[in-house]
Structures are given as structure tokens and as C-alpha cells.
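Below are the chains, spelled out letter by letter.
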Amino acid sequence: MKILRHKYLFLLLLGSSAVLLTLNSCKDECQDPRNPDCENYNPCMDAKPTSAAFTIKEATYTQIIEPRLADFLIDTDSVYFRSLYLEATQADADSFIWQIGTEPEPRYGKQVNVVFPDNLRGTNFNVRLIVKRKPNTRCFPTDDGIDTVIRSFYFVRFNEPLSWEGTYYGSDDDKPDSIYTIVLGHSYDAAEQEDKLTVFGVPRGCQDTINRLLGDFGGGFVGYKNVLFVLSGTDCNGKIVRGVFNNGNNYTIRQEYRTFIDGAFTTKNRIFTGIKIN
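What you see is a predicted model; the values in this text were computed from it and never measured. (Residues numbered from 1 in each chain as written. Predicted model: local features only at pLDDT ≥ 70, side-chain atom pairs only at ≥ 80, totals over all residues. Heavy atoms only, no water.)

Novice: Outline the environment of Thr259, supporting the account with residue identities and numerical values.
Specialist: Following the sequence through the fold, Thr259 ends up in strand E19 (residues 251–261). Discounting chain neighbours no more than four positions away, the residues touching Thr259 are Ala264, Phe265 and Thr266. (Helix = DSSP H or I, 4+ residues; strand = E, 2+ residues; numbered from the N terminus. Contact = heavy atoms within 4.5 Å.)

Right, here's the structure in full:
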């Protein structure tokens, strides 16, 4: 007997007669390591060992009223805003135990919100997270299901430099060849107990320097790595500008221009990308 094989077609030669058999096998065909029906299935493909890693992000109302600004919150080791969120990155743990500074009692949950009084500014805080879950010994034989991580962050004093302050040189996405400068500055007015902003070059190329209290801008948020502000009224031809500064891998300022025409607002989004020159 002689057997000739080509993929899944088998030709059996038996004497003077031949029989053609067709066999289908997902095990031979599919190559998806995440599919348990496939030959190369890997049950540990997306598995992760127990980890107590967590993020520290300054809390802001924008994450509630403007979910499209989800990336506005950035992991940080310094905070200016007095309210912050601590969030574990492990999604499938059974318990999360937080020890924040010298608090007498631990906190529990995947995410916790902590508010600090201003008299603690200038302090470094240690945060310890203990994560517990059923260990995945199939993929990680030495994993005991418990991990601990300790991180520190600094609660910035009033009028200390913030990460986003500086001068930026770049252009907008709708006019990449039109280069201009944006200046963002900050101070704290103790008499008014309010943050004061300096803005130059927004809207695009505006030559007026706007320097006043955050509340006079129409509201906003000042953090260590980000700032959100609203320009309104007669500033720079009366345009309404919402600027969101994002200090990530690139220095970007996301702007939303709203103009009142024929009884309704029209909106134009613009993104400035630049380099920090001082």
C-alpha cells in the first residue's frame, strides 16, 4: 500500500482501486495561540503574575464630566492638586490593601481617593499596596498570589515650579507650517487663595498676555503635570478657548474653539505640538 498526503487529501491506492478521503482538522489549520481549539494554543499567552503595581493620578472633575479627556490624568510622583486617585493595575485580584502615609487604618479597593490638607504640602508620602489573589501556578509556578509595592510621591508646595510651566515652540495640526510660541505660567495668590495663570500665544499667535486668577478664566484645573483652562470674554478677538495641556512623550496643547454664530455654537478642535525651549 502506498499513501500520498497533500494537506488533508489522502489518496489510498489499494490494488487497482483508489479511495479519496477528505479530512478536516482545526488543529492543523488554525494558528491562534489564544484559541483553545488550535494546535498552538497557549493558556499563558495573556496571563500575568500577581502584581501590586499602581498609579498615582491627580483627581479632577474632568474625568466625570468629560470622559473624552480620560488621558488627561497622568501617572506622577509629584502632585499639586490636593485630591488624588491611587489605582491598582491588577484587574483580577481578590483583595487590595492600601497603607497611605501614617494613616492608622488601611484602605481597601482597586481604587481609592485621598484628599490632603494644604498644611502637609512639602511632604513626601509613602504608599504601600498589598494585592492578594488565587495564584496561577500553571503559568507562574513560583507565584504565591501575594505581592507588595511601595511608591512615594511629593505634595508640592504653593508657588513651587510645576511640570507644565514653560515656553513651547511648535505648530497646530491644521497648520503644521505655521510656527508660533506658547507660554504657560503659574503662581498661587495667597490673598485670594486661588491659582493664577499666565497664558501667551493662545489662541494661535495671540500677542496678548493673559494673567489672572484661574476663576477669572472661567474655571479649570491645575495639576503638577497638566492644566486645563478656559479663555472667555473679549480675550483675543472674543474667541472661547478651552486648552488642555498634556505633558506626555510630546508636549501637546489640545484646544477647543467655540464661536457663537446664528444662535448656536460651532466647535473646532485643534492640537498644538511643540518642544519645550525653557
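Novice: Let's hear about a nonpolar patch on the surface: which residues, and what values?
Specialist: Taken together, the side chains of Tyr169, Ile179, Ile275 and Ile277 define a hydrophobic patch exposed on the protein surface, amounting to about 390 Å² of accessible area. Within the fold, Ile179 resides in strand E13 (residues 175–189). Classification of Ile179 by relative accessible area gives partly exposed; the value is 41%. (Patch = residues over 30% accessible without salt bridge, like charges linked within 9 Å, V, L, I, M, F, W, Y side chains within 5 Å. Areas by Shrake-Rupley, 256 points an atom, 1.4 Å probe, with all protein chains shown as cover. Salt bridge = Lys/Arg side-chain N within 4 Å of Asp/Glu carboxyl O. Buried < 20%, exposed > 50% of the residue type's maximum accessible area, 1.4 Å probe, protein only.)

Novice: Which residues make up the state of the cysteines, and what values do they have?
Specialist: Summed over all chains, the structure comprises two disulfides. At a sulfur-sulfur separation of 1.9 Å, the disulfide partner of Cys30 is Cys38. On the sign convention where negative means left-handed, the S-S torsion of about -135° between Cys30 and Cys38 marks this disulfide as left-handed. Exposure class is identical for Cys30 and Cys38. Each is buried. Put simply, Cys44 and Cys139 are joined by a disulfide, and their sulfur atoms are 2.0 Å apart. The chirality of the disulfide connecting Cys44 with Cys139 is left-handed, given an S-S dihedral of about -90°. Taken as a pair, Cys44 in the loop between helix H1 (26–29) and strand E4 (54–58) and Cys139 in the loop between strand E10 (124–132) and strand E11 (146–155) lie far apart in primary sequence, 95 residues in all. (Disulfide = S-S within 2.5 Å.)

Novice: Go over unusual backbone geometry, please, and point to the residues and values.
Specialist: Following Val202, the chain continues to Pro203 via a peptide bond in cis, the omega torsion being 0°. Following the sequence through the fold, Pro203 ends up in the loop between strand E14 (194–200) and strand E15 (209–213). You will see that Gln193, though not glycine, has its phi angle at about 55°, which is positive. Within the element layout of this structure, Gln193 appears in the loop between E13 and E14.

Novice: Go over the packing of aromatic side chains, please, and point to the residues and values.
Specialist: Per the stated rule, a full pass over the model turns up ten aromatic pairs. Ring centres of Phe54 and Trp98 lie 5.2 Å apart, and the angle between their planes is 80°; on these two criteria the pair is classed as edge-to-face. With Phe54 in strand E4 and Trp98 in strand E7 (residues 95–100), the pair connects residues that are 44 residues apart, well separated along the chain. For the pair Phe116 and Phe125, a centre-to-centre distance of 4.7 Å together with 45° between the ring planes defines the contact as tilted. Comparing Phe116 with Phe125 shows no difference in burial state: the two are buried. Three or more aromatic residues joined by ring pairs make a cluster, and in this case those are Phe116, Phe125, Phe153 and Phe155. For the cation-ring pair, Arg121 lies above Tyr80, with the distance from its terminal atom to the ring centre recorded as 4.8 Å. Its end group placed over the ring of Phe158, Arg121 keeps NZ or CZ at 4.1 Å from the ring centre. (Phe/Tyr/Trp six-rings, centres within 6.5 Å; stacked < 30°, edge-to-face > 60°. Lys NZ or Arg CZ within 6 Å of the ring centre and 35° of its normal.)

Novice: Pulling in residues and values, what's your account of the sheet that holds E7?
Specialist: With mixed pairing, the five strands of this open sheet are ordered in space as E5-E11-E10-E7-E8. Since the sheet does not close on itself, it has two edges, and those belong to strand E5 (78–79) and strand E8 (107–108), each with one partner. As defined by bridge partners, E5 adjoins E11 across two bridges and the pair is classed as parallel. The residue bridging Val79 from the neighbouring strand is Phe155, located in E11. (Pairing = 2+ DSSP bridges.)

Novice: Go over the pairing of E19, please, and point to the residues and values.
Specialist: Pairing geometry for E19 and strand E20 (residues 264–276), over eleven bridges, is antiparallel. Its bridge partner lying in E20, Thr252 is registered against Thr273. Between the end of E19 and the start of E20, which pair antiparallel, lie two residues, with Asp262 showing a positive phi angle near 55°.

Novice: Give me the sheet that holds strand E6 (residues 83–88): which residues, what numbers.
Specialist: Pairing is antiparallel in the open sheet, where three strands are placed in the order E4-E6-E9. Of all strands in the sheet, those bounded by a partner on one side alone are E4 and strand E9 (111–115). Shown here is a sheet whose adjacent strand axes are inclined to one another by a mean of 20°, direction ignored. Pairing between E6 and E9: five bridges, direction antiparallel. Bridging across to E9, Leu84 finds its partner in Val114. (Axes fitted to C-alpha atoms, helices over the stretch in contact; angles between N-to-C directions.)

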